[in-house]
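Tertiary structure, described
As a plain string of letters, each chain reads:
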Amino acid sequence: MAFVRLNESVFLESVLEVPIPVRFIFVLLGPSQSNMDYHEIGRSLSTLMSDKHFHEVAYSADDRQDLLNAINEFLDASIVIPPSEVEGKDLLKSVASFQKEMLRKRKERELRRLMKDGLIQEAKDLSDEKKVEAEGSDDDPLKRTGIVFGGLVQDIKRRYPKYLSDITDALHSQCIAAGLFIYFAALSPTITFGGLLGEKTHGLMGVSEMIVSTSILGILFSILGAQPLLVIGFSGPLLVFEEAFYKFCHTQDIEYLTGRVWIGFWLVVIVFIIVAVEGSFLVRYISPFTQEIFAFLISLIFIYETFYKLYKVFTEHPLLKSYPSKLQSSWKNKTVSPDTVGYITEKMQPNTALLSLVLMIGTFLIAFFMRKFKNSRFLGGKVRRIIGDFGIPIAILLMVLVDHAITDTYLQKLNVPSGLSVTSPDKRGWFINPLGQKQPFPLWLMFASVIPALLVFILIFMETQITALIVSKKERKLMKGSGFHLDLLLIGTMGGVCALFGLPWLTAATVRTVTHVNALTVMNKAIAPGEKPKIKEVKEQRMTGMLVAVLVGLSIEMGSVLRQIPLAVLFGIFLYMGVTSLTGIQLYERLLLMFTPSKHHPDHVYVIKVKTWRMNLFTIIQLACIVILWVVKSTVASLAFPFVLIMTVPLRRFMLPRIFEERELKALDSDDAEPNFDEDGQDEYNELHMPV
């Protein structure tokens, strides 16, 4: 038996499967016929080398006794788990806290020994190391300072000194490729939400306003933001609010765009107050319980809206037994006017409804199976990733070509003006008069707008801060830090200014942001077979976000191309976003388990640790919250749905602990899912609780 330390590391290409520099060699010789398992001895030595303290001793040992002392210290801090029927991972979780306590005592013993032996400098170094570790754990961007705007000042001090590196780090080919990819990933929802917003608001805001807002806010955020990897965009919850507020204004005879101006004003005031008191720490209390309810509700709204729009198409273009011939005869008999016949022969034809159905289902299926192809075993991992990530643009392109090939059927197309113009020039301009455009805006409404402004703030706060929290997880190994207060201030303030120009509010788009970070992640290629890839670095810089925003802004000149997109294709993308958002929600998985026999339940923590009926009770409580939110959204009180949503936070924090035990809540409502960086199985939708 021999333990060899080389003077310099060498590459043993004929011995190892991966190119790793080798400094230590362990040689073990013994008879071929023996009851001893030599492989276990090798595994034991590998375990020793994985220990930080033994590893350091191995580098500095002068003789055999130093190694033996290090082995004894390792054994003193080790826990032997006897064979049992309990799975190893459960045992490890139960002894993890005890193991940490042993390691802490081990460090204290070593510190006392060094002090006793008079090795003051080494003891000081060890003490300084502990202080650095403590300071590292205290470097929490959500930690309150107790000073007005203290969190904002800390964000600026933490992030802006690294501004130059944010530019120089972008000088890499991967950043250019990531920027072009995220451009298509951001343009598709921008067009989709713009078209749907134009329909919801009857043209007061549409694709033009959405593109301008996404571009300008994206550029400003890339320049000033504390976490420039966030992708700013429109989202489903904001679309739901815009629809609810437009209906409210329409029924109350209030100018919709003027009302948004005052909401924007109060939004800025609220954001400044929250940032001043360092209110971003409240995001810690928004658990997956609330996030799942939020995401599930938005997914249901997406799916419902898709089929409701299709139903309206079939209502306007019904399938009848006979068509224009009877209308032509009626025109000859003077029972209808020629203009009416022209309108009916153009629009009331069965092919319109049927083709809309084909395009919607075709768009959904192509985008959906492109995403499935990304996780299949065909072709190489990078090729599959490219095809899967560009699934939505490919689906839109193919369905537009199908529509272009069918020339004799009417379809409603996307309403996009030529050049830099508002969607409906006859209804509005680029500047919205805060005092009213066609009629004076009521004074009491100027102050009452603080209520809907608070609701908008809740949506922006939840999406922006939770997205930033997901990105800043330690597993992603971002080195430059985040700035929750600064980012919230920027997005809220820019939203208030946007309302003055009739532009949509934007927030941090969760799925697009995670896709952006994954595209900029560099993986370590020197890994052993079967080992999961590890992050080498993330290209933290500002230029990809800037590039995406500029390209989206230039897309305003693609009006002639965008006008070729049928609305039915956008309905298919809407359905795709609703269905795919469900797949990453634990609530949806537990809902399916309610109809699955127990023997077929998967090996998940919330299945193993919680009794089935208790798990189903937790699911039913979440479903009850969703039903209440749906009822609120469907009534005249639809504007209040963000407030009802935020009430699920105290419900989880104060009521559920009275029903469930702490260990059950940890299993059912834990946010311990680690991001998946494997290029062969990477799917951002399955990783997130948040809506698109």
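Residues numbered from 1 in each chain as written. Predicted model: local features only at pLDDT ≥ 70, side-chain atom pairs only at ≥ 80, totals over all residues. Heavy atoms only, no water.

Of regular secondary structure, the protein possesses 31 helices and six strands. Buried residues in the protein amount to 47% of all 692 residues. Here the contacts in the protein between residues at least 6 apart in sequence split such that 79% fall between residues at least 24 apart. Approximately 35100 Å² of the protein is accessible, and the part contributed by carbon and sulfur atoms is 63%. (Helix = DSSP H or I, 4+ residues; strand = E, 2+ residues; numbered from the N terminus. Buried < 20%, exposed > 50% of the residue type's maximum accessible area, 1.4 Å probe, protein only. Contact = heavy atoms within 4.5 Å. Areas by Shrake-Rupley, 256 points an atom, 1.4 Å probe, with all protein chains shown as cover.)

Where helix H9 (residues 207-224) contacts helix H22 (residues 543-554), the two axes come as close as 8 Å, and the packing angle between them is 160°. Comparing their axes, H22 and H9 come out roughly antiparallel. For the element pair H9 and H22, the recorded crossing hand is left-handed. Contact residues: H9 offers Ile211, Thr214, Ser215, Gly218, Ile219, Ser222 and Ile223, while H22 offers Gly545, Met546, Ala549, Val550, Val552 and Gly553. (Axes fitted to C-alpha atoms, helices over the stretch in contact; angles between N-to-C directions. Parallel < 35°, antiparallel > 145°, perpendicular 65-115°, else oblique. Left-handed = near helix turned anticlockwise from the far one by under 90°.)

What follows deals with unusual backbone geometry. Unusually for a residue other than glycine, Phe149 sits at a positive phi of about 60°. By secondary structure assignment, the location of Phe149 is in the loop between helix H5 (120-138) and helix H6 (150-159). Within the chain, Asp253 stands out as a residue other than glycine whose phi angle is a positive 55°. Examined against the element boundaries, Asp253 turns out to sit in the loop between helix H10 (236-252) and helix H11 (256-276).

Summed over the entire model, instances satisfying the criterion amount to 13 salt bridges. A salt bridge links Asp169 to Lys480; its shortest N-O distance comes to 2.9 Å. Here the residue Asp169 occupies a position in the loop between helix H7 (163-168) and helix H8 (173-200), and Lys480 occupies one in the loop between helix H19 (450-471) and helix H20 (484-500), the gap between them amounting to 311 residues. As a salt-bridge pair, Lys247 and Glu243 come within 3.3 Å of each other at their nearest N and O atoms. One end of the pair is Lys247 and the other is Glu243, both in helix H10 and four residues apart, which spans about a single turn. One network of salt bridges, with partners in common, ties together Arg159, Asp166, Asp169, Lys480 and Arg542. (Salt bridge = Lys/Arg side-chain N within 4 Å of Asp/Glu carboxyl O.)

A few words on the packing of aromatic side chains. For the structure on display, the rule yields 18 aromatic pairs. Note on Phe241 and Phe245: the rings are 6.2 Å apart at their centroids and 5° apart in plane angle, and the pair reads as stacked. Taken together, the residues span about one helical turn, with Phe241 and Phe245 both in helix H10 at a distance of four residues. Across the pair, Phe245 and Phe241 agree in class, each one buried. Between Phe281 and Tyr285, the ring centres sit 6.2 Å apart and the planes meet at 80°, which makes this aromatic pair edge-to-face. What links up through ring pairs into an aromatic cluster is the set Phe241, Phe245, Tyr246, Tyr256 and Trp505. (Phe/Tyr/Trp six-rings, centres within 6.5 Å; stacked < 30°, edge-to-face > 60°.)

A few words now on a nonpolar patch on the surface. A grouping of Val4, Ile25, Val27 and Leu29 is seen on the molecular surface, where their side chains present a nonpolar patch of about 320 Å² in accessible area. Along the chain, the position of Val27 falls in strand S2 (residues 21-27). (Patch = residues over 30% accessible without salt bridge, like charges linked within 9 Å, V, L, I, M, F, W, Y side chains within 5 Å.)

Relative to the helices and strands, Val275 resides in helix H11. Exposure remark for Val275: the relative accessible area of 0% places this residue in the buried category. As for Val275 and Val148, which are separated by 127 residues in sequence, their C-alpha atoms are 8.4 Å apart. Those residues in contact with Val275 that lie beyond four places of it in its chain are Phe149, Leu152, His485, Leu488 and Leu489.

Moving on: the side chain of Glu540. Tracing the chain through its elements places Glu540 in the loop between strand S6 (535-538) and H22. Buried and without a salt bridge, Glu540 has Arg159 as its closest oppositely charged side chain, separated by 4.5 Å. Polar contacts involving the side chain of Glu540 include one to the main-chain amide nitrogen of Met479, which spans 2.6 Å. Leave out the neighbours within four places in its chain, and Glu540 touches Ser165, Asp166, Asp169, Leu229, Lys477, Leu478, Met479, Lys480 and Gly481. (Lys, Arg positive; Asp, Glu negative; His and termini not counted. Polar contact = N/O pair within 3.5 Å; in protein donor to acceptor, adjacent residues only side chain to side chain.)

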